[in-house]
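Each chain is listed here by its residues.
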Amino acid sequence: MEREKRIRVDGTNPVVLFGFNDTHLRIIEERFDANIVARGETVLIRGEETVVDQIEKVLKELVFIVNKTDSLSDRDVHTVIDIMTSGTSPELAPEELDNVVLYAKKDYIKAKTPGQISYLRKIRANDIVFAIGPAGTGKTYLAVAAAVASLRKHEVLKIVLTRPAVEAGESLGFLPGDFREKVDPYLRPLYDALDDMLPAEKLKGYVERRTIEIVPLAYMRGRTLNNAFIILDEAQNATSMQMKMFLTRMGANSRAIITGDITQIDLPSRSTSGLVEIQDILVGIEGVGFQYFEKTDVVRHRLVMNIIEAYERFNGEPNG
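None of the values given here were measured: they were computed from a predicted structure.

Cut-offs applied
Residues numbered from 1 in each chain as written. Predicted model: local features only at pLDDT ≥ 70, side-chain atom pairs only at ≥ 80, totals over all residues. Heavy atoms only, no water. Pairing = 2+ DSSP bridges. Helix = DSSP H or I, 4+ residues; strand = E, 2+ residues; numbered from the N terminus. Axes fitted to C-alpha atoms, helices over the stretch in contact; angles between N-to-C directions. Phe/Tyr/Trp six-rings, centres within 6.5 Å; stacked < 30°, edge-to-face > 60°. Buried < 20%, exposed > 50% of the residue type's maximum accessible area, 1.4 Å probe, protein only. Core = buried A, V, L, I, M, F, W, Y, C linked by side-chain atoms within 4.5 Å. Contact = heavy atoms within 4.5 Å. Arc of directions from axis to C-beta. Patch = residues over 30% accessible without salt bridge, like charges linked within 9 Å, V, L, I, M, F, W, Y side chains within 5 Å. Areas by Shrake-Rupley, 256 points an atom, 1.4 Å probe, with all protein chains shown as cover. Salt bridge = Lys/Arg side-chain N within 4 Å of Asp/Glu carboxyl O. Left-handed = near helix turned anticlockwise from the far one by under 90°. Nonpolar A, V, L, I, M, F, W, Y, C, P; charged D, E, K, R; others polar.

Student: Break down the sheet that holds strand β9 (residues 228–232) for me, citing the residues and quoting the values.
Tutor: Read across the sheet, six strands follow the order β8-β7-β9-β10-β6-β11 without closing on themselves; strand pairing throughout is parallel. Since the sheet does not close on itself, it has two edges, and those belong to β8 (212–216) and β11 (288–292), each with one partner. Averaged over neighbouring strand pairs, the angle between their axes works out to 15° when direction is ignored. Note that strand β7 (residues 158–163) and β8 share five bridges and pair parallel. The residue bridging valine 160 from the neighbouring strand is glutamate 213, located in β8.

Here it is in structure tokens:
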């Protein structure tokens, strides 16, 4: 049932709240499929009854942020919508909104450690970001969350997730089954991250329409990816030539994140890791960022950090 409601936003800077040329209101309209008109300090909302109620909650939260910080970005608007439409209170201070990456199926995903916060800032500031560090630091998980958020905000048209299938010798030809059955075991960690962030039916639709592609690195050759968010996972197992091949797949309006742990290289001894080499090749290039994680950034089970430290002691590595 459609309804119309007027909401007063007295005492709030309407220019900041509504955005330049009402861009913030246009974001809300698109996300909720409603009609919103601002007249002075009054907002007129037309739409389905439940939608109007949701928009009212979003506006009240945005008013709170503006009154607290006197600022509001498009990203803040998207984040508040994601959180408020979950049916739960965001329980976030306004200054924490900048660390939120994505609202997932049951909760919001945000940068938690200093390393993760720095990582998120570099993702927002650069077209290519390399994330290097131990397991459990959120390198891949936050990269996938950033890609889903970018897709949801229509900043890109597709997501491409890839990783080297070193364990299968890359060719995969000797394995039984069709293509998907061959590669799924090696790409499972990427599916696991997406499963946390998208409803099953929506993820299935994205994959069927190839809005989200998950492919082995060997199958990236010869492609040009425009308007895409591209993630290379386990990049320490990409050779020098594969790394160059991957980076040169980027087309217009595309972004890339490359993640890996240079202490876990599975390549034959005669092969050079592209992730190790690239740190010298691309140093100082504008638009390319490097984020190095420490074991203090581990956000998995509390024992993971202890395990990493135990291995460092066993191998005589510096305990930094």
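Student: I'd like a description of the sheet that holds strand β1 (residues 2–8), backed by residues and values.
Tutor: Strand order in the open sheet formed by three strands is β1-β3-β2, and the pairing between neighbours is antiparallel. The open sheet has two free edges, formed respectively by β1 and β2 (35–39), since each of these has just one partner strand. Ignoring which end each strand starts from, the neighbouring axes of this sheet average 15° apart. In terms of strand pairing, β1 meets strand β3 (residues 42–48) through seven bridges, oriented antiparallel. Its bridge partner being in β3, arginine 3 is matched across the sheet by glycine 47.

Student: Residue-level account of the packing of aromatic side chains, with values.
Tutor: For any pair of aromatic rings, the description consists of the separation of the ring centres together with the inter-plane angle of the planes. Taken as a whole and judged by the stated rule, the model has three aromatic pairs. Each ring, one from phenylalanine 290 and one from tyrosine 292, has its centre 6.3 Å from the other, and the planes form 10°; the classification is stacked. Of the residues examined, phenylalanine 290 reaches a relative accessible area of 15% and is grouped as buried. A relative accessible area of 40% means that tyrosine 292 is categorised as partly exposed. Ring pairs connect the aromatic residues Phe130, Phe290 and Tyr292, which therefore count as one cluster.

Student: Give a description of the nonpolar core that names residues and reports values.
Tutor: Of all hydrophobic cores here, the largest spans 36 residues; its most connected members are Tyr119, Leu194 and Ile212. At nine residues, the largest contribution of residues to this core is made by helix α6 (residues 139–152). Ignoring sequence-local partners within four residues, the contact set of isoleucine 212 consists of Leu151, Ile159, Leu194, Leu198, Leu203, Tyr206 and Val207. The next biggest cluster of nonpolar side chains, apart from the first, holds 27 residues, and it includes Leu25, Ala34, Ile36 and Val51.

Student: Let's hear about the pairing of β2: which residues, and what values?
Tutor: With five bridges joining them, β2 and β3 adopt antiparallel strand pairing. Of the residues in β3, the one forming a bridge with arginine 39 is threonine 42. Hairpin connection of β2 to β3: two residues between the antiparallel strands, including glycine 40 at a positive phi of 65°.

Student: So what's going on with the pairing of strand β10 (residues 255–260)? Residues and values would help.
Tutor: Along any regular strand, the residues point their side chains to alternate faces of the sheet. Summarising burial for β10: six of the six residues are buried, a large majority. Across the two faces of β10 the burial is the same, with Arg255, Ile257 and Thr259 and Ala256, Ile258 and Gly260 all buried. One ladder, built from five bridges, connects strand β6 (residues 128–132) with β10; its direction is parallel. Counterpart to alanine 131 in the pairing with β10 is threonine 259. Strand direction decides the pairing type here: β9 and β10, joined by four bridges, are parallel.

Student: Provide a residue-level description of helix α8 (residues 200–208), including the pertinent values.
Tutor: At 3.6 residues per turn, the α-helix brings residues three or four places apart onto the same side. Looking only at α8, the buried set comprises Leu203, Gly205 and Tyr206. Buried residues of α8, viewed axially, fall in a sector of 160°; they line one side. Seen from the open side of α8, the exposed residues pointing more than 90 degrees away from its buried face are Ala200, Glu201 and Glu208.

Student: Tell me about a nonpolar patch on the surface, residues and numbers included.
Tutor: A cluster of nonpolar side chains, namely Ile262, Ile265 and Val276, defines an oily patch on the protein surface of about 200 Å² accessible area. Inspection of the secondary structure assignment puts valine 276 in helix α10 (residues 274–281).

Student: Hey, could you go over α10 for me, with residue numbers and the actual values?
Tutor: Among all positions in α10, only Gly274, Leu275, Ile278 and Gln279 are buried. One side of α10 carries all its buried residues, which in axial view fall inside an arc of 145°. In the core, the buried residues of α10 are packed alongside β6, α9 (240–247), β10 and β11.

Student: With reference to specific residues and values, describe the packing of helix α5 (residues 114–125) against α6.
Tutor: It is at 11 Å that the axes of α5 and α6 come closest, and there the two elements cross at 40°. Relative to α6, α5 is oriented so that their crossing is right-handed. Facing α5, whose interface residues are Gln116, Tyr119 and Ile123, α6 presents Lys139, Leu142, Ala143 and Ala146. Considered class by class, the residues forming the contact of α5 with α6 number five nonpolar, one polar and one charged.

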